[in-house]
Amino acid sequence: MGIEEYGGGQTAQSDVLIVTTNDVPGHQVTQVIGEVFGLTVRSRHLGSQIGAGLKSMIGGELKGLTKTLVETRNQAMERLVEQARARGANAVLMMRFDVSEAADVGTEVCAYGTAAVISRN
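Cut-offs used in this document
Residues numbered from 1 in each chain as written. Predicted model: local features only at pLDDT ≥ 70, side-chain atom pairs only at ≥ 80, totals over all residues. Heavy atoms only, no water. Helix = DSSP H or I, 4+ residues; strand = E, 2+ residues; numbered from the N terminus. Buried < 20%, exposed > 50% of the residue type's maximum accessible area, 1.4 Å probe, protein only. Contact = heavy atoms within 4.5 Å. Areas by Shrake-Rupley, 256 points an atom, 1.4 Å probe, with all protein chains shown as cover. Patch = residues over 30% accessible without salt bridge, like charges linked within 9 Å, V, L, I, M, F, W, Y side chains within 5 Å. Salt bridge = Lys/Arg side-chain N within 4 Å of Asp/Glu carboxyl O. Pairing = 2+ DSSP bridges. Axes fitted to C-alpha atoms, helices over the stretch in contact; angles between N-to-C directions. Phe/Tyr/Trp six-rings, centres within 6.5 Å; stacked < 30°, edge-to-face > 60°. Lys NZ or Arg CZ within 6 Å of the ring centre and 35° of its normal.

Draft legend 1. Expanded view of the overall build of the protein. Within the protein one finds two helices and four strands. Listing every helix and strand of the protein by position from the N terminus yields β-β-α-α-β-β. The burial tally for the protein puts 28% of its 121 residues in the buried class. Across the protein, contacts joining residues at least 24 apart in sequence account for 75% of those joining residues at least 6 apart. Working note: accessible area of the protein is about 7,600 Å², and carbon and sulfur atoms make up 52% of it.

Draft legend 2. Quick peek at a nonpolar patch on the surface. A cluster of nonpolar side chains, Phe37, Leu39 and Tyr112, forms an exposed patch at the surface whose accessible area comes to about 260 Å². Looking at the secondary structure, you find Phe37 in strand 2 (residues 27–42).

Draft legend 3. Examining the sheet that holds strand 4 (residues 106–120) more closely. Ordered by their spatial adjacency, four strands build an open sheet running 1-3-4-2, and the pairing between neighbours is mixed. Of all the strands in the sheet, just strand 1 (17–18) and strand 2 have a single pairing partner and so form its edges. Sheet topology note: the strand 1/strand 3 (residues 91–102) ladder contains two bridges and is parallel. Looking at strand 3, one finds that Leu17 is bridged to Ala91. The strands that helix 2 (residues 63–86) touches are strand 1, strand 2, strand 3 and strand 4; relative to strand 2, the one it contacts most, it runs at about 135°.

Draft legend 4. Representation of unusual backbone geometry within the structure. Although it is not a glycine, Met94 adopts a positive phi angle of roughly 55°. If you trace the backbone, Met94 turns up in strand 3.

Draft legend 5. Examining the packing of aromatic side chains more closely. Under the definition given, this model contains zero aromatic pairs. Between the NZ or CZ atom of Arg73 and the centre of the ring of Phe97, over which it lies, the distance is 4.6 Å.

Draft legend 6. Structural detail: the pairing of strand 3. As judged from the ten bridges shared by strand 3 and strand 4, these two strands associate in the antiparallel manner. Within the sheet, the bridge partner assigned to Asp98 lies in strand 4 and is Cys110. Connecting strand 3 to the next strand, strand 4, in antiparallel fashion are three residues, including Ala103 with a positive phi near 55°.

Draft legend 7. Here's a closer look at the pairing of strand 4. Relative to strand 4, strand 2 runs antiparallel, the two being bridged by 14 bridges. Within strand 4, the residue paired with Glu35 across the bridge is Thr114.

Draft legend 8. Quick peek at the side chain of Thr114. The residue Thr114 is located in strand 4 in this model. By relative accessible area, Thr114 is classed as buried at 18%. Residues in contact with Thr114, not counting those within four places in the same chain, are Val32, Gly34, Ala91, Val92, Leu93 and Met94.

Draft legend 9. Local environment of the environment of Asp98. By the element assignment, Asp98 lies in strand 3. On the accessibility criterion, Asp98 (39% relative accessible area) is partly exposed. Taking the C-alpha atoms as reference points, Asp98 and Val109, eleven residues apart in sequence, are found 5.8 Å from one another. Excluding anything up to four places from it in sequence, Asp98 contacts Glu108, Val109, Cys110 and Tyr112.

Everything listed is a geometric property; what it means functionally is a separate question.
As structure tokens, then:
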């Protein structure tokens, strides 16, 4: 896998800025819209579960699972942006991820934050 398969985040063309901070330097918050989130639940297919089980016995990175988690987080973030945009925001402040098991059948990933309207100072 190339480096592009191990990461995520926004592209420079995004119309909704996502930050993990409370504010954005050089900008002021003109309106707080409220909480927004993007949620997805993914299950692993049998082949990857068997492969992960074998790999865990000998050690090392579980590359298939890493790739799946990256894709899952990126999908949750895309849904977060869609929600923020639909509510009129141009920024999401204090963005975080929450990851948990979903009824022993998959992994739930939620990207959440505070939708806001910001403008340059």
